[in-house]
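Read off the chains here:
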Amino acid sequence: MTPTLNLTINGVPQQIALDDPRATLLDLLRERIGLTGTKKGCDRGQCGACTVLIDGRRMNACLALALSYDGAEITTVEGLATGETLHPVQAAFIAHDGFQCGYCTPGQIMSAVGLIAEGEAGLDPERIREGMSGNLCRCAAYAGITEAVLEATREMTSATGERESA
């Protein structure tokens, strides 16, 4: 018997027959759905390259058993932009050179989106570095990443009228 998953991926409801009940969400997204923006880095939950949002919360997709998330809403880096308009975090990463080789960038962006949505970013660079510490960048673009998250936090909190916390 082949289990069927009902997922909403980047706003699109999908029914997926799961051939292997041991499949991770990362493998499902990349190999079955064709969303290759989510990267396979360490495959052990240590680098953050595979970070996605599951029901709005940050998760390492390499550690998430796909079958466990039946009915969940999954957001990947491909689902952030609205048409040709980049998400504020994506635009800030470009403006602040928050990447070099780009391999970790999708996971960094998804983690930043989650951090801001959780209300944990604030405007303190140290707080942002702490909140992003599960995402590694081998090129050491951390200064640009931190500045990008600061800018996106300012933009997103002013757009929603929320009080900025330090």
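Remember, predicted model here, so these are calculated numbers, not experimental data.

**Q** Which residues make up the overall build of the chain, and what values go with them?
**A** What the chain contains, in helices and strands, is five helices and five strands. Listing each helix as α and each strand as β along the chain from the N terminus yields β-β-α-β-β-β-α-α-α-α. Radius of gyration (C-alpha) of the chain: 16 Å, near the 15 Å computed for a compact globule of 166 residues. Along the first, second and third principal axes, the C-alpha set of the chain runs to 50 × 35 × 25 Å.

**Q** A description of the sheet that holds strand 2 (residues 12–17) should follow, citing residues and the corresponding values.
**A** Spatial strand order, 2-1-5-3-4: five strands in an open sheet with mixed pairing. Two strands in the sheet have a free side with no partner beyond their single neighbour: strand 2 and strand 4 (57–60). Strand-to-strand twist of the sheet, defined as the mean angle between neighbouring strand axes without regard to direction, takes the value 40°. Pairing analysis gives two bridges linking strand 3 (residues 51–54) to strand 5 (residues 73–75), with the strands arranged antiparallel. When the sheet's bridge partners are listed, Ile 54 is paired in strand 5 with Ile 74. Docked against the sheet, helix 1 (residues 25–33) engages strand 1 (4–9), strand 2, strand 3 and strand 5, running at close to 95° with respect to strand 2. Strands in contact with helix 3 (residues 105–117) are strand 3, strand 4 and strand 5; relative to strand 3, the strand with the most contacts, it is inclined by about 35°.

Conventions we followed
Residues numbered from 1 in each chain as written. Predicted model: local features only at pLDDT ≥ 70, side-chain atom pairs only at ≥ 80, totals over all residues. Heavy atoms only, no water. Helix = DSSP H or I, 4+ residues; strand = E, 2+ residues; numbered from the N terminus. Rg over C-alpha atoms; globule rule 2.2 N^0.38 Å. Pairing = 2+ DSSP bridges. Axes fitted to C-alpha atoms, helices over the stretch in contact; angles between N-to-C directions. Contact = heavy atoms within 4.5 Å.

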